[in-house]
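Each chain is listed here by its residues.
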Amino acid sequence: MNDNVTSLDARRRSTTVEDAITSRHAAVIADYLQAKLDRNAGRMTEIRGEAASIDAEYPGFPSLVAQLDALRPSQAA
């Protein structure tokens, strides 16, 4: 078997549910920040809805909606 395929299989097996959820949270946060930079309120609302769905799906994990609420614009001038 190709070493790359074997390596990919090993990485997939070592990925935990927590890793997958953390990755999903990071992607949603990145999308939200981009929408915020674009001043796209409609997209931000869509992403918040997606975040609420993820929170409902994984109630034991930190709230993604709370993480989005905590984001503040940069104060750098």
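Residues numbered from 1 in each chain as written. Predicted model: local features only at pLDDT ≥ 70, side-chain atom pairs only at ≥ 80, totals over all residues. Heavy atoms only, no water.

S.K.: Give me the lowdown on the pattern of salt bridges, citing residues and values where you can.
M.R.: A side chain with one charge can pair with a side chain of the opposite charge if their charged atoms come near. One pass over the full model with this rule turns up three salt bridges. The salt bridge partner of Arg24 is Glu57, with a shortest N-O separation of 3.6 Å. Here Glu57 lies in helix α3 (residues 41–57) and Arg24 lies in helix α2 (residues 17–37), a separation of 33 residues in the sequence. Note on Glu57: relative accessible area 44%, which makes it partly exposed. Taking the shortest distance from any N to any O, the salt bridge between Asp69 and Arg48 comes out at 2.7 Å. In this pair, Asp69 sits in helix α4 (residues 64–70) while Arg48 sits in helix α3, placing the two residues 21 residues apart along the sequence. Given the relative accessible area of 39%, Asp69 is considered partly exposed. (Salt bridge = Lys/Arg side-chain N within 4 Å of Asp/Glu carboxyl O. Helix = DSSP H or I, 4+ residues; strand = E, 2+ residues; numbered from the N terminus. Buried < 20%, exposed > 50% of the residue type's maximum accessible area, 1.4 Å probe, protein only.)

S.K.: Go over the packing of aromatic side chains with me, naming the residues and quoting the values.
M.R.: Tallying each qualifying case throughout the model produces one aromatic pair. Relative to Phe61, the ring of Tyr58 lies with its centre 6.1 Å away and its plane at 85 degrees, an arrangement referred to as edge-to-face. (Phe/Tyr/Trp six-rings, centres within 6.5 Å; stacked < 30°, edge-to-face > 60°.)

S.K.: Requested: an account of the packing of α2 against α3, with residues and values cited.
M.R.: For any two helices packed against each other, the geometry comes down to the angle between their axes and how far apart the axes lie. In the contact formed by α2 and α3, the axes pass within 9 Å of each other and the chain directions differ by 165 degrees. Taken together, α2 and α3 sit at an angle that is classed as roughly antiparallel. You can see that α2 and α3 cross each other, and the crossing is left-handed. Taking contact as the criterion, the partners of Arg24, His25, Val28, Asp31, Tyr32, Ala35 and Lys36 in α2 are, on α3, Arg43, Met44, Ile47, Arg48, Glu50, Ala51, Ile54 and Glu57. (Axes fitted to C-alpha atoms, helices over the stretch in contact; angles between N-to-C directions. Parallel < 35°, antiparallel > 145°, perpendicular 65-115°, else oblique. Left-handed = near helix turned anticlockwise from the far one by under 90°. Contact = heavy atoms within 4.5 Å.)

S.K.: I'd love a proper account of the side chain of His25, names of residues and values included.
M.R.: Mapped onto the elements of the fold, His25 is located in helix α2. By relative accessible area, which is 7% here, His25 ends up buried.

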